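So you can see what is in the structure, the chains are spelled out below.
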Amino acid sequence: MKRRTFIGTSAAASVGMLAYKTGNAMEPNKKEESKLKNNINHSVCYWCYGSIPLEDFLKSLNELGIKSVDLIGPKDWPLLKKYNINSSMCNGAEISLTEGWNDPKYHETLIKNYTEMIPKVAAAGYTNLICFSGNRRGMDDAVGLQNCVDGLKKIMPLAEKHGVIIQMELLNSKVNHEDYMCDHTEWGVELCKKLGSNNFKLLYDIYHMQIMEGDIIRNIQDYHSYFGHYHTGGNPGRNEINETQELYYPAIMKAILATGYKGHVAQEFIPTWDDKIAALKEGVTICDV
């Protein structure tokens, strides 16, 4: 399942649940338990586990001690509440990744969608609502930036009134989302500055930004005040975040904590293990610094 259709080291995870093959991580013993420190508010993107029925997935989150889930829309919120799971990044107002705020021809629809969704998010007791820049399609980045400002300014007073934070996701345009405009941190930060609202932030996707610009920890240190949410993923491949890939997530999580961040970090890697829940448990444990 692809997310957008609905729109590490062994030491770091040595809490009695990990062992590694050469070059590939072995699945841990499911009977072994680890207790989360919860310095990090853990979440997970459900689309990566879409082969598991949502209710079964939520039961697994309860067992793992994960209290939030990302990228769930209103129709499934009642089920989340049944299992006392928070919707840490709501969706359902966007058109698509490619059709976003950088193109004025989509503004009428987007303004209508977000005007309807923002009060629903607040009424459900949630805070974050995702949005996307859209693709360039030959458009200059400065023009697209101003178009985003012009459109988003129409919904920001409502978001502020309801205490909802609109979060634009940073995505890579090199591997996964060719031509996507909000593909560099500095572009997104400039958008935040021009909007000038505490209710507009960036969803900093570590996997995507590793591909586009690297320097992950420095950018977190320099721009953390503009980041309202984080996603993980192993690079290359967007799979498990253990020693099979190049990012060292324990250090990244410590850098996030050092900024005073109190929001959520959501696992957004695509599991390769047969036991997807065991892979999720490993990822959360690695990030539980």
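What counts and what doesn't
Throughout, a residue's number is its position along its own chain's written sequence, starting from 1. In keeping with the predicted nature of the model, local features appear solely for residues at pLDDT of at least 70, side-chain atom pairs appear and are counted solely at 80 or more, and the whole-chain, interface and lining totals rest on all residues. By convention in this description, side-chain values take in all heavy atoms of the structure and omit both hydrogens and water. Secondary structure elements are defined from DSSP: runs of H or I of at least 4 residues count as helices, runs of E of at least 2 residues count as strands, and each element is numbered from the N terminus. Buried, partly exposed and exposed residues are distinguished by accessible area as a fraction of the type maximum, computed with a 1.4 Å probe on protein chains only: under 20%, between the cut-offs, and over 50%, respectively. The contact definition used throughout considers only heavy atoms, calling two residues in contact when any of these lie within 4.5 Å.

Describing unusual backbone geometry
In most cases, non-glycine residues show a negative phi, while peptide bonds are predominantly trans. Backbone torsion omega between Asn235 and Pro236 reads 0°, so that peptide bond is classified as cis. Along the chain, Pro236 falls in the loop between strand 9 (227–231) and helix 9 (249–258). We note that Arg137 has phi near 50°; this positive angle belongs to a residue other than glycine. Secondary-structure assignment places Arg137 in the loop between strand 6 (128–131) and helix 4 (141–152). Judged by its relative accessible area of 48%, Arg137 is partly exposed. Phi is positive for Arg238, which is not a glycine, with a value near 60°. Its place among the elements puts Arg238 in the loop between strand 9 and helix 9.

A short note on the environment of Cys90
Within the secondary structure layout, Cys90 lies in strand 5 (residues 86–90). A residue is classified by how much of its surface remains accessible, and Cys90, at 0% relative accessible area, is buried. With 40 residues separating them in the primary sequence, Cys90 and Ile130 have C-alpha atoms 6.3 Å apart. Discounting residues that sit within four places of it in the chain, Cys90 has contacts with Ile72, Trp77, Val121, Tyr126, Asn128, Leu129 and Ile130.

Take it as geometry only, folks, not as evidence of what the structure does.
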